[in-house]
Amino acid sequence: MSRYTPEEKVKLARNPGRPGAADFITALFTDFFEQRGDRLSGEDPSILGGIARFHGRPVTVVGHRKGKDLEENLRCNFGMPSPEGYRKAQRLMRQAEKFGRPIITFVDTPGAYPGKEAEERGQGEAIAQCLALMSALEVPVIAVITGEGNSGGALALAVANRVLMLEHAAYSVLSPEGFASILWKDAARAGEACGVMKLTAQDLRRGGIVQGVLREPEEGAHTDWEAVFRTVDAALVKELAALEKLKGPALAKQRYEMFRAMGQNMSLARREET
Amino acid sequence: MNRTFSRRRDRLLVYQAMREEKIAFSRRTKCPFCGTESSDLEWNRRLWVCPRCSFHTPVGAYYRLANILDPGSFQELEEGLSPADPLSFPGYPAKLAGLEEETGLKDAAVAALGKIEGRKAVFAVLDSRFLMGSMGTAVGEKVTRAAEYAARKKLPLIIFSASGGARMQEGIFSLMQMAKTAAAIQRFQRGGGLYISCFTHPTTGGVTASFASLGDFLLSEPGALIGFAGPRVIEQTIKEQLPKGFQRAEYLLSHGFLDRIVPRSEWRAVLSQLLALHEKGGRI
Ligand SMILES: [Zn+2]
């Protein structure tokens, strides 16, 4: 039983003092080489990606980047990617597959950017292609949800063999504010929405949406980065070792079947054979 | 194929289609776009495309199929698939039951096997009368099973989308249907399957950002609103008014995200041409 309510957890998940993708990369990886641009039209800093070593092993690492100060927040659009970001992620993941590198992603975003240019350049198409590509990758993919993972903009980096989640992170179909305003026409009821959305790591573990919950310091990840890094590092080592025993097609199959099963048995309950 | 069965299926489809449109011969209906009133008889004759402004109003899934498929070829797939309530969301089961009563649909998607000019294909059609065609577990599962069925039978897959996006009442399980359907489509396509995705008004959110955008061919009805974020959310975000025609099919066509715009009366001809072009045979 957690000592925090879902609403308090969402607050913790959004705490700007939590470590982000850039911090995890600095702490857990060596030899990071940032890769930029989607090779089509632009570079979106709200997605950070590149190659690095993880315990000596070359890997591809991709994550949402919110930025650390206002200037960087603005440059990174507060972690809300545009299609160029998702297309860069696709490029990096395709390359990872070519070179047989495992992929590690860090998820922390209020959602994909709902802007005019983002729509014109095919935000929906860019996310869809991420999902399709990731579902079939023949290398190990591990996603870590570190802060808030909202909507398709988060899922686009989280079609993984293992989805891990920090204890006080949140992962949901939409922000609680958006959820409340769609269902109840009242964004002010976001707190109430947190209660019904089943967006905590514990609920999601129970629902089979995430495969591991990673312990945070009592007061949240922002209070002791070193402890969080140790926990995430150990989890990645363990999961990667397990996944590296599987061959490429088996990795794609395991991932496919895991997502294939989500929401399947529920509908099956009242199914008639046709 | 047994002729009695196929006749019965046909009557069922026509009955469903009529029930959907509730055609009252004396009634007049206003166009939601331009406001012009026309008789339902006229509306129906034009497949619910406005006689005045050509706005393609949303139509039911069975009605759409009845107007596209060869007579007698309709065979519904997975019709028993029912929605779930994974969040135990207050009032949701009652809402689903009410909509089933009202529309005759169990959820917002219909899957079928059918023929167009003699060529077999698997169809999935979203129906916006059912919670805006939003994608919950039942819609995700139906689209996935349609893709799997098409893969097994080595048939082309044709999907008509109309959706407000994720089904909020099913929370994260709704979100996961994006990954599930995209994965199923990807697997079908890698196996050599032909997937034609047809957008209709309106298609937004998680459906645009998953299976609907993954077609080997992307087609749309005229004037359809297609996007990830809805126009209201965008205007609130950027605090300016969007240009006229933004996110409409014609806008997407000019920005490179559609192959072609297809008026409702031409679906049969266009789909037939594409199916024929993917048949084996022909030699130079
Ligand atoms: Zn009109």
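All values derive from a computational prediction rather than experimental measurement.

**Section: the interface of chain B and chain A**
Of the residues lining the interface, 57 residues belong to chain B; the matching set on chain A comes to 53 residues. The junction of chain B with chain A conceals about 4600 Å² of combined surface from both sides, 68% of it contributed by carbon and sulfur atoms. Where chain B packs against chain A, one counts two salt bridges. Glu148 of chain B is the salt-bridge partner of Arg260 of chain A, the closest N and O atoms lying 2.5 Å from each other. Our count for the chain B to chain A interface comes out at eleven residue pairs in polar contact (both at pLDDT 80 or more). Contributing elements (two or more residues each) for the side of chain B that touches chain A: helix 5 (137-153), helix 6 (171-190) and helix 8 (231-238) of chain B.

**Details of the coordination of the zinc ion**
All names here are of chain B. Protein coordination of the zinc ion is provided by Cys31 (SG), Cys34 (SG), Cys50 (SG) and Cys53 (SG), with donor distances spanning 2.2 to 2.3 Å. Its four donor atoms give the zinc ion angles of 107 to 114° at the centre, a pattern that matches the tetrahedral case. Along the chain, the residues that donate to the zinc ion are spaced as C-x2-C-x15-C-x2-C. Residue Cys31 is located in the loop between strand 1 (28-30) and strand 2 (37-39), and its partner Cys53 is located in the loop between helix 2 (40-45) and helix 3 (61-66); the two are separated by 22 residues in the primary sequence. Given the relative accessible area of 4%, Cys31 is considered buried.

**What to know about the sheet that holds strand 8 (residues 217-220) of chain B**
Residue and element names in this part refer to chain B. With respect to topology, seven strands assemble into an open sheet ordered 3-4-5-6-7-8-9, the strand pairing being mixed. On the outer flanks of this sheet lie strand 3 (75-77) and strand 9 (260-261), each paired with one strand and no other. Taken together, the four bridges between strand 7 (residues 195-203) and strand 8 define a ladder with parallel strand orientation. Counted as the bridge partner of Ser197 is Leu218 from strand 8.

**What about the packing of helix 6 (residues 123-136) of chain A against helix 6 of chain B?**
It is at 8 Å that the axes of helix 6 of chain A and helix 6 of chain B come closest, and there the two elements cross at 65°. One way to sum up the angle between helix 6 of chain A and helix 6 of chain B is to call them roughly perpendicular. Where helix 6 of chain A crosses over helix 6 of chain B, the handedness of that crossing is right-handed. Of the residues in helix 6 of chain B, those in contact with Ile127, Ala128, Leu131, Ala132, Leu133, Ser135 and Ala136 of chain A of helix 6 of chain A are Met178, Ala179, Ala182, Ala183, Gln186 and Arg190 of chain B. Of the residues assigned to the contact of helix 6 of chain A with helix 6 of chain B, the class counts are ten nonpolar, two polar and one charged.

Reading guide: rules and limits
Residues numbered from 1 in each chain as written. Chains lettered and ligands numbered in written order. Predicted model: local features only at pLDDT ≥ 70, side-chain atom pairs only at ≥ 80, totals over all residues. Heavy atoms only, no water. Contact = heavy atoms within 4.5 Å. Buried area = accessible area lost by both parts, 1.4 Å probe. Salt bridge = Lys/Arg side-chain N within 4 Å of Asp/Glu carboxyl O. Polar contact = N/O pair within 3.5 Å; in protein donor to acceptor, adjacent residues only side chain to side chain. Helix = DSSP H or I, 4+ residues; strand = E, 2+ residues; numbered from the N terminus. Donors = N, O, S within 2.8 Å, 3.2 Å for Na, K, Ca; no water. Tetrahedral: all angles 85-135°; square planar, octahedral: opposite > 155°, others 65-115°. Buried < 20%, exposed > 50% of the residue type's maximum accessible area, 1.4 Å probe, protein only. Pairing = 2+ DSSP bridges. Axes fitted to C-alpha atoms, helices over the stretch in contact; angles between N-to-C directions. Parallel < 35°, antiparallel > 145°, perpendicular 65-115°, else oblique. Left-handed = near helix turned anticlockwise from the far one by under 90°. Nonpolar A, V, L, I, M, F, W, Y, C, P; charged D, E, K, R; others polar.

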